[in-house]
Amino acid sequence: MSRKAKTSVESAAAKGALESGEGRAFGVVRELIARLGPVFALVLLGAYLSVASPHFLKTDNLVNITRQSAITAILAVGQTIVILTSGIDLSVGAVAAISASAAAVLMTQRVVFLGMVIGPVSFGLGFLVALAIGALAGTINGLIITRGRIPDFIATLGTLTIFQGIALIITGGLPVPSHITATELKGYLPKQMIWMGAGEIGGIPVAGLIALVIVILGWLVLRHTVLGRTVFAVGGNREAARVSGINIEKTKVAVYLLSGLIAALAGFVLAGRMNSSNALMAGEENLRSIAAVVIGGTNLFGGEGGVIGSLIGAFIMGELANGLNLLNVSAFWQRIVQGLVIILVVMFDQWRRRRFSTAR
Amino acid sequence: MAERQPILRMVKIDKKFPGVHALDHVDFELEEGEVHVLLGENGAGKSTLMKVLSGSIQSDSGQIFIHGKEIHNLSPEHARELGIGMVYQELSLVPALSVAENIFLGKPHRSRLGTIDWRKIYKEAEKSLADLGVAIDPKKEVRRLDVAEQQLTEIARVLTARPKIVLLDEPTSALSDAERERLFALIRLLRQRGVGIVYISHRLVEVPLVGQRVTVMRDGKVIGSLPVEQADEPTLVNMMVGRRLTDQYPKERVQPGKRVMQVANFSVKGSLHDVSFELHEGEVLGIFGLMGAGQPELTRAIFGLNRINSGRMWIDEREVHIHSPTDAIRHGIGLLTRDRRQSLVPVLPIPPNVTLANVSQLAMHRPIKLRSETRMAADYIRSLRIQPPRLNRPVMFLSGGNQQKVVLARWLFSKARILIFDEPTRGIDVGSKAEVFALMNQLTKNKVAIVMISSEMPEILAMADRILVMHGGRFTAELAAGEATPEKLLRCAS
């Protein structure tokens, strides 16, 4: 206890001695501006919407935004880790759909698999199967990229449609449960799954809490584990990482595995919210998750950024979609506005980076 | 020969980079039909001077006259219009394009309809290559050429613009003897046409073969200019090396201990042939060679960055198989790369850069103790005097010498027992150089074995206990510290 206290005092003293007084106050201001850019965007947009629409600040509406943003936020955590290694995972939505749909089929129907009749299985087993499928899909992405030596973008673009295709085969192209399958057996998704997507604890949506937990875990992995350090090194300078003894291929496979695992969880939450799973359900999420990461200030070329920014990025997108609905903007125009916001936020971010963080 | 007049005059050109006075009031002249050899060691300022002349670097002060007319604000385009053609040391070709496309890059022949006239381009390209006496297919992609062919393509590209002043920066480093002869013949032809040529080299033997006048540079200053008749080798070596041999390099000899590493018959197809050596505790083994002699390939092979075709290696008398840097680090080897940017993660601050080689040896799920990492990094910042001593500022803002110290701290922290220094002083200022050498002394006292790869004669002569000279991917000589002289090194290396 006393030893611990002493070391922290020592390191604080060392830090004080090392950080010369000059520019320290300014350094803090700069640091805040550099870190909080996305937060400003979130708050400004929120301030505008609360003036423009009387419904925006109502509890129901805020809960709704949280629930909608949660899926993107969860996916964005895996996406952030991938992008930090200067990769990109275009298949996260497809992985979410395939793992949730396969699990949903197992949990609601009787399936013949390798001559055995299985199911309907319990929620717990279904959840594990979904996670396993997500991890497997992510590993396949990682292996195609490292062993096949093809760019991340191409590999995951390919597996995106492959996973969608497999999910269509598994579900027969129908929602699960559907009017056809529902009559046969249980018919409904397990109530735990629905709780994950639509439940609340003390007025706070469970999906939002799951997102928060995943963000915290992601932050811990990135900041406090060897894998996290490796991710920043590989994305910051691949050659230096290699010369320092980092196994780049192993790192790549690990981050895609994580991304797949997290996507499977997101798929579960999404299917729970919609009370149904289908093979193409998270199609928009492939790109939404990337947009959230970029809006959150993570460098698309790797090495700089983090999951907290991505969480805020996901909420900016959710807030925006919700606000446009409240303001009665047509769905067609919403797409245009969303695209513009992505471009403007990133332009602002680039300007801020040049202006503040690289100043000597 | 026709009456001569200076076509180029550079007066008091001055250029400072952070920590380095790259050009210190340099005067330079070139006459019509003259080959002016610019001689000097790495970092003497030759290439910087040429970059000022070709407009890719702006000097801080000084004047440039071409045909007696002062030129202001020289840009690369402007330089080209003035008839200045530069063949760069680092090839500047586009690998995915064909030879002909590269030769006419940015200025393709057009037909009357405005489309590119491919037939004419290929014909012209073939002709300009034939002028050089080489048979390269103009339709071939540049990346499929070997280095010598690429260099000749680069020269052909510069010459098609019919320049009045040609800057050749180490043009023969990748050429065979026959190709070099052809290049010299071409240079003679250009002289007859009245073209002035600046020829940069550090190969002394080439001076009388091509030049009429020699200027020697050292540490950003012109040491002297003399006609080639007076420029015998000892004079030039003396001018290049100066009398810095002893003052700057505080070598402290340590009695070498037991053998720690043995490399036998390392071969890499096309670059290393049957290379063998031994390394002892507390020893500095120097490896000297000119550009293209195979030193980088040897480094990469030892450190597991490149596969070897054959060869074996022992550490502490036990055979080891190194397939990746991870293996090399596990066996106690450390590498200070030639280019520090190759070792550092620029956006990360000092502490994670220092611990990277240790962290990479741990399993992925293991935690990182940030507090002890910071404390440890602070210790190295203090003991190595890294400036400025900031713990959370990205290392990209440090000067070259301080970046080098961060890399050094990494290998001190990894407890490496065999350290490969690949051009350890490249691009760092004099003060940091001395500090790096002092650290080498400290390391050898602690029984660390050092392989010092360098093409700078003074530092290798001063610091190495034993020098192996490389040429054409082979060791051509082994010299003990006492018997090595600049002349011997250069003779064995070329």
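Residues numbered from 1 in each chain as written. Chains lettered and ligands numbered in written order. Predicted model: local features only at pLDDT ≥ 70, side-chain atom pairs only at ≥ 80, totals over all residues.

Caption draft 1: The arrangement of the overall build of chain B in detail. When you go through chain B residue by residue, the secondary structure sums to 16 helices and 20 strands. Relative to the 2.2 N^0.38 estimate, which gives 23 Å for 494 residues, the radius of gyration of chain B is 24 Å and therefore close to what a compact globule would have. Per-residue burial over chain B gives 46% buried out of 494 residues. Here the analysis covers contacts within chain B between residues at least 6 apart in sequence; of these, 71% occur between residues at least 24 apart. (Helix = DSSP H or I, 4+ residues; strand = E, 2+ residues; numbered from the N terminus. Rg over C-alpha atoms; globule rule 2.2 N^0.38 Å. Buried ≥ 20, exposed ≤ 12 C-beta atoms within 10 Å, placed from the backbone. Contact = placed C-beta atoms within 7 Å.)

Caption draft 2: Quick look at the interface of chain B and chain A. Facing 35 residues of chain B, the contacting portion of chain A comprises 31 residues. For the side of chain B that touches chain A, the secondary-structure elements that each account for two or more residues are helix 10 (325–330), helix 11 (350–359) and helix 12 (370–383) of chain B. A total of five residues in the side of chain B that touches chain A trace back to one element, the largest contributor, which is helix 12 of chain B. Taken together, the residues of the side of chain B that touches chain A sort by class into 23 nonpolar, eight polar and four charged. (Nonpolar A, V, L, I, M, F, W, Y, C, P; charged D, E, K, R; others polar.)

Caption draft 3: Focus on the sheet that holds strand 15 (residues 318–319) of chain B. Residues and elements named next belong to chain B. Judged by pairing direction, the sheet is antiparallel, and its four strands sit side by side in the order 12-11-14-15 without closing on themselves. Edge positions in the sheet fall to strand 12 (272–280) and strand 15, since each of these pairs with one other strand and no more. Strand direction decides the pairing type here: strand 11 (residues 259–268) and strand 14 (residues 310–315), joined by five bridges, are antiparallel. Counterpart to A264 in the pairing with strand 14 is R312. Of the strands in this sheet, strand 11 and strand 12 are in contact with helix 9 (residues 295–302), which crosses strand 11 at around 115°. (Pairing = 2+ DSSP bridges. Axes fitted to C-alpha atoms, helices over the stretch in contact; angles between N-to-C directions.)

Caption draft 4: Representation of the packing of helix 3 (residues 59–84) of chain A against helix 13 (residues 285–295) of chain A. Residue and element names in this part refer to chain A. As a packed pair, helix 3 and helix 13 sit with axes 8 Å apart at the nearest point and diverge in direction by 70°. As judged from the angle between their axes, helix 3 and helix 13 are roughly perpendicular. Note that helix 3 runs across helix 13; the crossing there is right-handed. On helix 13, the residues that touch I71, T72, A73, L75, A76, Q79, T80 and I83 of helix 3 are E285, R288, S289, I290, A292 and V293. For the contact of helix 3 with helix 13, the per-class residue count stands at eight nonpolar, four polar and two charged. (Parallel < 35°, antiparallel > 145°, perpendicular 65-115°, else oblique. Left-handed = near helix turned anticlockwise from the far one by under 90°.)

Caption draft 5: Representation of the confidence of the model for chain B in the model. All names here are of chain B. On average, residues of chain B score 86 in pLDDT, and 94% of them are at 70 or above. Confidence, expressed as mean pLDDT per element, reaches its minimum in chain B at helix 8 (residues 233–241) with 77 and its maximum at strand 15 with 96. This prediction of the complex comes with two scores: 0.77 for pTM and 0.84 for ipTM. (pLDDT = per-residue confidence, 0-100.)

Caption draft 6: Looking closely at helix 4 (residues 118–131) of chain B. All names here are of chain B. For helix 4, spanning 14 residues, the distance from its first C-alpha to its last is 20 Å, which sits close to the expected 20 Å at 1.5 Å a residue. Buried residues of helix 4: Y122, A125, S128 and L129, and no others. Summarising the axial view, the buried residues of helix 4 lie within an arc of 135°, below the 170-degree limit, and thus occupy one face. Opposite the packed face of helix 4, turned more than 90 degrees from it, sit the exposed residues R119, K127 and A130. (Expected span 1.5 Å × (residues − 1). Arc of directions from axis to C-beta.)

Caption draft 7: Representation of the environment of A493(B). Residues and elements named next belong to chain B. With respect to the helices and strands, A493 occurs in helix 16 (residues 486–493). Note on A493: 19 C-beta atoms within 10 Å, which makes it partly exposed. Taking C-alpha positions, A493 is 22 Å from T337, a pair spaced 156 residues apart along the chain. Setting aside chain neighbours within four positions, we find A493 in contact with F288, G289, L290, A293, V469 and H471.

Caption draft 8: Main features of the packing of helix 13 of chain A against helix 14 (residues 307–326) of chain A. All names here are of chain A. For the pair helix 13 and helix 14, interaxial distance at closest approach is 7 Å and the crossing angle is 120°. Crossing angle aside, the handedness with which helix 13 passes helix 14 is right-handed. Where helix 13 approaches helix 14, its residues R288, A291, A292, V293 and I295 are matched on the opposing element by S310, G313, A314, I316 and M317. In terms of residue class, the contact of helix 13 with helix 14 is made up of seven nonpolar, two polar and one charged.

Caption draft 9: Broad picture of the nonpolar core. Core analysis: the largest hydrophobic core is formed by 236 residues, its most contacted members being I74(A), A96(A), V269(A) and I450(B). With 16 residues, helix 12 (residues 248–274) of chain A is the single largest residue contributor to this core. Two domains each donate at least three residues to this core, and these are domain 1 (6–241) and domain 2 (259–493) of chain B. Not counting residues within four places of it along the chain, the set of residues in contact with A96(A) comprises L75(A), A263(A), A264(A), A266(A), G267(A), L270(A), A282(A) and E285(A). (Core = buried A, V, L, I, M, F, W, Y, C linked by C-beta atoms within 7 Å. Domains from an automatic or database assignment.)

Caption draft 10: Quick look at the sheet that holds strand 2 (residues 20–31) of chain B. All names here are of chain B. In space, the four strands of this open sheet follow the order 2-1-4-5, with antiparallel pairing throughout. The sheet is open, and its two edges are formed by strand 2 and strand 5 (69–71), each paired on a single side. Averaged over all neighbouring strand pairs, the angle between strand axes comes to 25°, with direction disregarded. Across three bridges, strand 4 (residues 61–66) lies against strand 5 in antiparallel orientation. If you follow F65 over to strand 5, its bridge partner there is E70.

Caption draft 11: Up close: the pairing of strand 1 (residues 6–17) of chain B. All names here are of chain B. The sheet contact formed by strand 1 and strand 2 spans eight bridges and is antiparallel. Looking at strand 2, one finds that L8 is bridged to L30. As paired elements, strand 1 and strand 4 share five bridges and run antiparallel to each other. Paired with L8 across the bridge in strand 4 is I66.

Caption draft 12: Summary view of the environment of N64(A). One can find N64(A) in helix 3. Along the chain, N64(A) and A103(A) lie 39 residues apart, while their C-alpha atoms are 26 Å from each other.

Caption draft 13: The arrangement of the domain arrangement of chain B in detail. Domain parsing of chain B yields domain 1 (6–241) and domain 2 (259–493). Between the C-alpha centres of domain 1 of chain B and domain 2 of chain B there is a distance of 33 Å.

Caption draft 14: Representation of helix 13 (residues 400–413) of chain B in the model. Residues and elements named next belong to chain B. Look at helix 13: 20 Å from first C-alpha to last across 14 residues, which is about the 20 Å you get at 1.5 Å a residue. In terms of residue burial, helix 13 counts as a mostly covered element, since twelve of its 14 residues are buried. Among all positions in helix 13, only G401, N402, Q403, Q404, K405, V406, V407, L408, A409, R410, W411 and L412 are buried. One or two residues past the end of helix 13 sits K415, with phi positive at roughly 60°.

Caption draft 15: Up close: the pairing of strand 8 (residues 196–201) of chain B. Residues and elements named next belong to chain B. With six of its six residues buried, strand 8 lies for the most part within the structure. Residues G196, V198 and I200 line one face of strand 8 and the alternating positions I197, Y199 and S201 line the opposite face, and both faces are buried. Direction of pairing for strand 3 (residues 35–39) relative to strand 8: parallel, over a ladder of five bridges. In the strand pairing of strand 8, H36 is matched with V198. For strand 7 (residues 165–169) and strand 8, the ladder comprises five bridges, and the chain directions are parallel. Across the sheet, L168 pairs through a bridge with Y199, a residue of strand 8.

Caption draft 16: Region of the structure containing the confidence of the model for chain A. In this model, chain A carries an average pLDDT of 86, and 86% of its residues clear a pLDDT of 70 or more. Across residues 1–24 of chain A, confidence stays below pLDDT 50; counting only partners more than four residues off in sequence or on other chains, it has 18 contacts.

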